[in-house]
Amino acid sequence: MPATTTATTTVTTLWPTGPVRPAGAVHRGHLIHIAGAPGVTEARHHLVSIPDGALAVADDGTITWAGALRDLPASMRDWPVCGAAGRYLLPGFVDTHLHFPQTYCSDSYGGGQLLEWLERCVFPAEARLADPAFAEQVAADLTRRRIAAGTTAAMVFGSAFGPAQDALFDATARSGLRIVSGRGIQTTGPASAGGLITGEAEAVERAEAEVARWHAADTGDPATARLQVALVPRFSLSVTAMTLALLGELYEDLRKRGVYVHTHLNENNRPGTGEIDLVRNAYQVEHYLDTYDGRFLAGSRRGGSSLLGRRTILAHAVHCADAELARMAETGTSIAHCPTSQQFLGSGTMPWRRTTEAGVTVALGTDIGAGDEWLIPRVLNDCFKVHLSEPGPASAALHPAELLFTATLAGARALDMEARFGNFDPGKDADFVVVEPDRWEPLAQVLAHLASAGDERDATERMLFALLMGLREPAITSVWVQGRRAQLPR
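Residues numbered from 1 in each chain as written. Predicted model: local features only at pLDDT ≥ 70, side-chain atom pairs only at ≥ 80, totals over all residues. Heavy atoms only, no water.

Trainee: A description of the overall build of the protein should follow, citing residues and the corresponding values.
Mentor: Counting secondary structure elements, the protein contains 14 helices and 16 strands. Compactness check: the protein gives a C-alpha radius of gyration of 22 Å against a globular reference of 23 Å for 490 residues, within 12% of the reference. Across its three principal directions, the C-alpha atoms of the protein cover 70 × 55 × 40 Å. A buried classification covers 59% of the 490 residues belonging to the protein. Across the protein, contacts joining residues at least 24 apart in sequence account for 73% of those joining residues at least 6 apart. Accessible area of the protein: about 18100 Å², with a carbon and sulfur share of 52%. The distance from the centre of the 43 positive side-chain charges to the centre of the 55 negative ones in the protein is 3 Å. (Helix = DSSP H or I, 4+ residues; strand = E, 2+ residues; numbered from the N terminus. Rg over C-alpha atoms; globule rule 2.2 N^0.38 Å. Buried < 20%, exposed > 50% of the residue type's maximum accessible area, 1.4 Å probe, protein only. Contact = heavy atoms within 4.5 Å. Areas by Shrake-Rupley, 256 points an atom, 1.4 Å probe, with all protein chains shown as cover. Lys, Arg positive; Asp, Glu negative; His and termini not counted. Charge placed at Lys NZ, Arg CZ, Asp CG, Glu CD.)

Quick look at the structure:
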């Protein structure tokens, strides 16, 4: 149930010093999160808003308590307190789809839709990461952008080059952020992608090597790791049927180790020459999804093992058939919804109601670099607008709690890490962002002058909507993962 609490308790905001290290720390601010484990349509009933709240974090980085500061348990009252009532604490944002080698590609002019943009802008840009020094620079810049945007966890589509991936994982490890990434696999494609293409056996060998080196390298356990690896075929037009067969065979061995799968699905539906028609014609399958489900032979006959499952995230899914949505729901496969990039490439609008009502987990993705916004709330802004503009009964005015859910808890669920982060439930890791509205004057002014003719619940919902729609990077003053402040890579 919603919780709204006010208090005027005054607490020091200085960290005490001394020879005895406290058992934990208390972060003070306006706590807002989606408690429990609801679906998107139930999120509004699980919205928690505590104006002068306390997030108590144990020394191991887990949340021990979240509630009103005045109700802080006696056992935690001698813990140091940081912060003030005027700031906001939100769960860390989760970005389930962005491209590491496209860090500098946002707003690249390709003169067309998806396939033209890939060939003219993206493939040449991604080939530049063959230079290890340049790749290190890109990795550092991407990591800095993530911290600035409050993205504590991300599924990052990787580079084709091993040293570049090493640089990305190394920068992430030093920053303290969470990442799932994997080498971009391409075994066929146009001449402009030549520098990214490898042989089929080589692609599998390189993927295996990356898993061995980086998957759960920090803790040894995929249930707790911040560094994790995915198998990443770019999309079905960039690989062959043999590649899909080999990846399916490999995933049979890796699935039990918690390795992920990340790729694209049903993004561009231009008749005849668009992505979807080209995939269906190339493989002679009924549905695009069949190619990832082991049914990539003509007539959608089975040719290998499925890549679908609880740790599989498919980006876009704009133009799915009902059967595809049903199969994703059945297998626990999730969607990374990328409304900002879909507008940039003219891909259309993922039907919100039909997709979520099918039972598929829908999280959010910036899709840098077709997307040009690093900040997940800016993508939420587009999400709200495009779905309100869907025609007729498909139109959906997303509730502020549904937006927050999609940006946080849904992302954790899509990554199969909901037990670790996504909200402020006790026992989870303390992954959160601190927002100080005064650092972005337009946001501060809107929040200071909100008008509501409704009750307290209505006022809370209006406040959350204004916060999400008006948030910009300057107002994010710190980012925390497992109770530790994220650091810029050096």
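Picking up after the structure, the text goes on.
Trainee: Before we move on, can you summarise unusual backbone geometry with the specific residues and values?
Mentor: The omega torsion of the bond from I368 to G369 falls at 10°, within 30 degrees of zero and hence cis. By the secondary structure assignment, G369 is in the loop between β13 (362-364) and α10 (376-388). The backbone of S300 shows a phi angle near 60°, a positive value even though the residue is not glycine. Counting through the fold element by element, S300 comes out in the loop between α6 (275-283) and β11 (312-316).

Trainee: I'd love a proper account of the sheet that holds strand β16 (residues 484-485), names of residues and values included.
Mentor: Strand order in the open sheet formed by 7 strands is β3-β2-β1-β4-β14-β15-β16, with mixed pairing between adjacent strands. Edge positions in the sheet fall to β3 (63-68) and β16, since each has one partner strand and no second. Inspection of the sheet shows strand β2 (residues 47-58) paired to β3 by 5 bridges, in the antiparallel sense. From the neighbouring strand, L55 faces β3, where its bridge partner is A66. Where helix α11 (residues 400-407) meets the sheet, it contacts β1 (24-34) and β2, and its direction lies at approximately 125° from that of β1. (Pairing = 2+ DSSP bridges. Axes fitted to C-alpha atoms, helices over the stretch in contact; angles between N-to-C directions.)

Trainee: So what's going on with the state of the cysteines? Which residues, and what values?
Mentor: Cysteine pairs can be linked by a disulfide, which is a covalent bond between their two sulfur atoms. With the rule as written, the count across this model stands at 0 disulfides. Residue C320 stays outside any disulfide, its sulfur separated by 13 Å from that of C338, the closest cysteine. Assessed through its relative accessible area of 6%, C320 is described here as buried. (Disulfide = S-S within 2.5 Å.)

Trainee: Could you give me a rundown of the nonpolar core, with the residues and numbers involved?
Mentor: Nonpolar side chains in soluble globular proteins generally cluster together in the buried interior. Counting 131 residues, the largest nonpolar core has I32, F100, L265, M328, L415 and V435 as its most contacted members. Every residue in contact with I32, bar those within four places of it in the chain, is listed here: L47, V48, S49, Y88, L89, L90, P91, L404, F424, M463, L464 and L467. Core analysis: the next-biggest nonpolar cluster, separate from the first, contains 14 residues, L55, A68, L89 and A430 among them. (Core = buried A, V, L, I, M, F, W, Y, C linked by side-chain atoms within 4.5 Å.)

Trainee: Describe the packing of aromatic side chains, listing the residues and the values that go with them.
Mentor: The final tally for this structure, using the stated rule, is 6 aromatic pairs. Aromatic side chains W117 and F344 sit 6.5 Å apart centroid to centroid with 80° between the ring planes, which places their arrangement in the edge-to-face category. With a gap of 227 residues between them, W117 in helix α1 (residues 114-127) and F344 in helix α8 (residues 339-344) connect regions that are remote in the sequence. You can call F344 partly exposed: its relative accessible area is 32%. Between F432 and W480, the aromatic rings sit 5.6 Å apart at their centres with planes inclined by 5°, giving stacked as the arrangement. Note that F432 is positioned in strand β14 (residues 432-435) and W480 in strand β15 (residues 476-481), a separation of 48 residues in sequence. Using a relative accessible area of 0% as the deciding quantity, one classes F432 as buried. A relative accessible area of 12% means that W480 is categorised as buried. (Phe/Tyr/Trp six-rings, centres within 6.5 Å; stacked < 30°, edge-to-face > 60°.)

Trainee: A description of the environment of D429 should follow, citing residues and the corresponding values.
Mentor: Within the secondary structure, D429 sits in the loop between α12 (409-414) and β14. Among the residues examined, D429 registers a relative accessible area of 2% and is labelled buried. Those residues in contact with D429 that lie beyond four places of it in its chain are G61, T62, I63, R178, R420 and Q482. A polar contact is formed between the side chain of D429 and the side chain of R178, at a distance of 2.8 Å. (Polar contact = N/O pair within 3.5 Å; in protein donor to acceptor, adjacent residues only side chain to side chain.)

Trainee: Summarise empty space enclosed by the protein; cite the residues concerned and give the values.
Mentor: One pass over the full model with this rule turns up 4 cavities of 30 Å³ or more. Here the largest cavity is characterised by a volume of approximately 100 Å³. Around the largest cavity, the lining comprises 13 residues; the ones closest to its centre are H99, L114, L118, H264 and E267. Here the lining of the largest cavity gets 3 residues from one element, more than from any other, and that element is α1. Of the residues in the lining of the largest cavity, the class split is 6 nonpolar, 4 polar and 3 charged. (1 Å grid on protein atoms, 1.4 Å probe; cavity = no way out; pocket = protein on both sides within 12 Å on 5 of 7 lines; lining within 4 Å. Points joined across faces, edges and corners; volume = space filled by probe spheres on them. Nonpolar A, V, L, I, M, F, W, Y, C, P; charged D, E, K, R; others polar.)

Trainee: Provide a residue-level description of helix α3 (residues 162-175), including the pertinent values.
Mentor: For α3, built from 14 residues, the straight-helix expectation of 20 Å at 1.5 Å per residue is met to within 8% by its first-to-last C-alpha distance of 20 Å. G162, A164, Q165, A167, L168, F169, A171, T172 and S175 are the residues of α3 that are buried. In this fold, the buried residues of α3 make contact with α2 (132-149), β6 (151-157), β7 (178-182), α4 (200-214) and β9 (227-233). Just downstream of α3, G176 is the residue with a positive phi angle, here 90°. (Expected span 1.5 Å × (residues − 1).)

Trainee: Go over a negative patch on the surface with me, naming the residues and quoting the values.
Mentor: Taken together, the side chains of E205, E208, E249, E252 and D253 present a region of like negative charge at the surface. Looking at the negative patch, the elements that each hand over two or more residues are α4 and α5 (241-254). It is α5 that provides the largest number of residues to the negative patch, a total of 3 residues. In this structure, E249 sits in helix α5. Among the residues examined, E249 registers a relative accessible area of 53% and is labelled exposed. (Patch = residues over 30% accessible without salt bridge, like charges linked within 9 Å, V, L, I, M, F, W, Y side chains within 5 Å. Salt bridge = Lys/Arg side-chain N within 4 Å of Asp/Glu carboxyl O.)

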